[in-house]
Amino acid sequence: MRALYFDSHGEPSRLVLGERPKPRPGGGEVLVRLRTASLNHLDLFVLRGMPGIPVELPHTGGADGAGTVAEVGEGVTGWGIGDDVVLNPGLWCGTCEFCIRGEESQCVRFGIIGEHVDGTFAEYVKVPASSLAPKPAHLSWPEAGAFGLTFLTAWRMLMTRARLMAGETVLIHGIGGGVALAALVIAKRAGAIVLVTSASDAKLARARELGADHTLNYTSCDVGREVRGLAGKRGVDVIVETVGAATWNASLRSASKGGRIVTCGATTGPNPSEEVRLIFWNQLSILGSTMGSRADWRAMVGALEEWQARPVVDSVLPLEGGREAYERMASGGQFGKIVLDVSGVDSPTGQTGA
Ligand SMILES: [Zn+2]
């Protein structure tokens, strides 16, 4: 089958579009013929290589995908050939104490499609049947392949970890990134007042069109001071952190008394300096979050359908444009999800460059 893969770690120039063996579904597994897949920052980290996290090479990236069931393994019930599906990118063991408790993203063997196993930047992917959900009917194929990881992550951050209530204020850093945009959509639909930050006035203008109530360019203002001014000097209730070192201190200074800062990543670096006094004096809660549980996944997909909400798609490229897609992700210029259309790659005519 055709796949976008790499044999050695490095920059997007390492990516190859070529032939890899078509996976065969084992017991409890399903083979999905992908229509669309989308990039996450994770794909760049996996391509570049992460210390202490070995990846078997060659490796095909891609956590997010949508497509049609092509084969079902032994013992699979509830899914049949031809079903249109979307993938939960999480992988869990189902037997550890955390899985039994229903906290699959805390599984001691937790993994992610495209990181720990071959991913969705290919004609076919093999996944556990428990990872599937029916494709939401209101979404296009590019949208269906673009919401899994980011909406699951943002849902758990806001609804499960921070327990967001209608009428609360939410600050989201780095609008334009996938998780940040998913958080904007979810927070607005959940009835929150949303403030967003970016270094780009163009991205802030797009965020206003999507419902952001206040926008702040962090290159030209003191975010902590501005946020406190906008929020009646009380600060905001919930802060969505995906940026890390560049925004962490602004987050601490923007939080209200008893505010909750929920973090799922640190794209600008993992080691900010920290003002501990702000944490205890303002009685802040710092909440970590990774991906989501099966219950989070079901609740999130159900909410998208109920709200008829959709992810923001930055661009759709053919799988042949995979290298360009990774480069666009690396540049940070995107607003929303970069989608790969893999529906047209079914001609195994030998190797070509990506
Ligand atoms: Zn487990």
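Before reading further, recall that the structure is shown in the block above.
Summarised in this report is the structure supplied together with it. Since this is a predicted model, take the numbers as computed values, not measurements.

Cut-offs and rules
Residues numbered from 1 in each chain as written. Predicted model: local features only at pLDDT ≥ 70, side-chain atom pairs only at ≥ 80, totals over all residues. Heavy atoms only, no water. Helix = DSSP H or I, 4+ residues; strand = E, 2+ residues; numbered from the N terminus. Buried < 20%, exposed > 50% of the residue type's maximum accessible area, 1.4 Å probe, protein only. 1 Å grid on protein atoms, 1.4 Å probe; cavity = no way out; pocket = protein on both sides within 12 Å on 5 of 7 lines; lining within 4 Å. Points joined across faces, edges and corners; volume = space filled by probe spheres on them. Nonpolar A, V, L, I, M, F, W, Y, C, P; charged D, E, K, R; others polar. Axes fitted to C-alpha atoms, helices over the stretch in contact; angles between N-to-C directions. Parallel < 35°, antiparallel > 145°, perpendicular 65-115°, else oblique. Contact = heavy atoms within 4.5 Å. Phe/Tyr/Trp six-rings, centres within 6.5 Å; stacked < 30°, edge-to-face > 60°. Pairing = 2+ DSSP bridges. Donors = N, O, S within 2.8 Å, 3.2 Å for Na, K, Ca; no water. Tetrahedral: all angles 85-135°; square planar, octahedral: opposite > 155°, others 65-115°. Disulfide = S-S within 2.5 Å. Salt bridge = Lys/Arg side-chain N within 4 Å of Asp/Glu carboxyl O. Right-handed = clockwise from strand over helix to strand, strands pointing away.

Here the focus is the environment of Ser 220. Tracing the backbone shows Ser 220 in the loop between β13 (214-217) and α7 (223-230). Residue classification places Ser 220 among the exposed positions, given a relative accessible area of 60%. Sequence separation between Ser 220 and Arg 277 is 57 residues, and the spatial gap between their C-alpha atoms is 26 Å.

Our next topic: the layout of surface pockets. Of the volumes computed, that of the largest pocket is approximately 1,100 Å³. As for the largest pocket, its lining consists of 44 residues, and the residues nearest its centre are His 41, Phe 45, Thr 242, Gly 265 and Thr 267. Looking at the lining of the largest pocket, the elements with two or more residues in it are α1 (41-48), α4 (148-161), α5 (178-189), α11 (322-331) and β18 (337-341). Classifying every residue of the lining of the largest pocket by side-chain character gives 20 nonpolar, 21 polar and three charged. Taken as a whole, the second largest pocket holds about 300 Å³ of empty space. For the second largest pocket, the lining is made up of 17 residues, of which Pro 23, Val 117, Asp 118, Val 125 and Lys 126 are closest to its centre. For the lining of the second largest pocket, the leading source of residues is strand β9 (residues 124-128), giving five residues. In terms of residue class, the lining of the second largest pocket is built from 11 nonpolar, two polar and four charged.

As a further point, take the packing of α1 against α11. One can describe the packing of α1 onto α11 by two numbers: an axis separation of 10 Å at closest approach and a directional angle of 105°. The angle between the axes of α1 and α11 places the two elements in the roughly perpendicular class. Contacts between α1 and α11 involve His 41, Asp 43, Leu 44, Leu 47 and Arg 48 from the former and Tyr 326, Met 329 and Ala 330 from the latter. Across the contact of α1 with α11, the residue classes tally to five nonpolar, one polar and two charged.

Below, the discussion takes up the packing of aromatic side chains. Scanning the model with the defined rule gives four aromatic pairs in all. Between Phe 147 and Trp 297, the aromatic rings sit 6.2 Å apart at their centres with planes inclined by 10°, giving stacked as the arrangement. Note that Phe 147 is positioned in the loop between α3 (141-144) and α4 and Trp 297 in helix α10 (residues 294-307), a separation of 150 residues in sequence. Of the two residues examined, Phe 147 and Trp 297, each falls in the buried class. Taking the centre distance of 6.1 Å and the plane angle of 45° together, the rings of Trp 155 and Trp 307 count as tilted.

Two elements, strand β3 (residues 29-38) and strand β5 (residues 64-72), share eight bridges in a ladder whose sense is antiparallel. Within β5, the residue paired with Arg 33 across the bridge is Thr 68. Alignment of β5 against strand β6 (residues 84-87), held across three bridges, turns out to be antiparallel. Counterpart to Thr 68 in the pairing with β6 is Asp 84.

By the element assignment, Gly 82 lies in the loop between β5 and β6. Among residues more than four places away in sequence, those in contact with Gly 82 are Thr 68 and Val 69.

Taken together, the protein donors to the zinc ion comprise Cys 93 (SG), Cys 96 (SG), Cys 99 (SG) and Cys 107 (SG), at separations of 2.3 to 2.4 Å. Note that the zinc ion binds four donor atoms; their angles at the metal cover 103 to 118°, and the shape is tetrahedral. The sequence pattern describing where the donors of the zinc ion fall on their chain is C-x2-C-x2-C-x7-C. Taken together, the residues span a long stretch of sequence, with Cys 93 in the loop between β7 (90-91) and α2 (97-100) and Cys 107 in the loop between α2 and β8 (111-112) at a distance of 14 residues.

With that settled, the discussion passes to the state of the cysteines. When the sulfur atoms of two cysteines share a covalent bond, that bond is a disulfide. Evaluated as defined, the whole model comprises zero disulfides. Between Cys 264, a cysteine without a disulfide, and Cys 107, which holds the nearest cysteine sulfur, the sulfur-to-sulfur distance is 19 Å. The partly exposed category is assigned to Cys 264, whose relative accessible area is 27%.

Evaluated as defined, the whole model comprises 15 salt bridges. For Glu 168, the salt bridge identified is with Arg 260, shortest N-O distance 3.0 Å. Taken as a pair, Glu 168 in the loop between α4 and β11 (169-172) and Arg 260 in strand β15 (residues 255-263) lie far apart in primary sequence, 92 residues in all. In terms of burial, Glu 168 and Arg 260 fall into one category: buried. With a closest N to O distance of 2.9 Å, Asp 237 and Arg 234 form a salt bridge.

Before going further, it helps to examine the packing of α4 against α10. Where α4 meets α10, the closest approach of the two axes is 9 Å, and the angle between their N-to-C directions is 100°. One element, α4, and the other, α10, form an angle in the roughly perpendicular class. Only Asp 296, Trp 297, Ala 299, Met 300, Ala 303, Leu 304 and Trp 307 of α10 make contact with α4, whose side of the interface consists of Gly 148, Phe 151, Leu 152, Trp 155, Arg 156 and Thr 160.

All right, on to the pairing of β13 then. Summarising the sheet, strand β12 (residues 193-198) and β13 pair through four bridges and their orientation is parallel. Looking across to β13, one finds that Val 196 is bridged to Thr 215. Following the chain from β12 across helix α6 (residues 201-209) to the adjacent parallel β13, one finds a crossover that is right-handed.

Right, let's get into α1. All buried positions along α1 are accounted for by Leu 42, Asp 43, Leu 44, Val 46 and Leu 47. Where α1 is buried, its residues contact β1 (2-6), β3, β4 (59-60), β8, α4 and α11. With its phi angle positive at about 95°, Gly 49 sits one or two positions after the end of α1.

None of this, on its own, says anything about what the molecule does.
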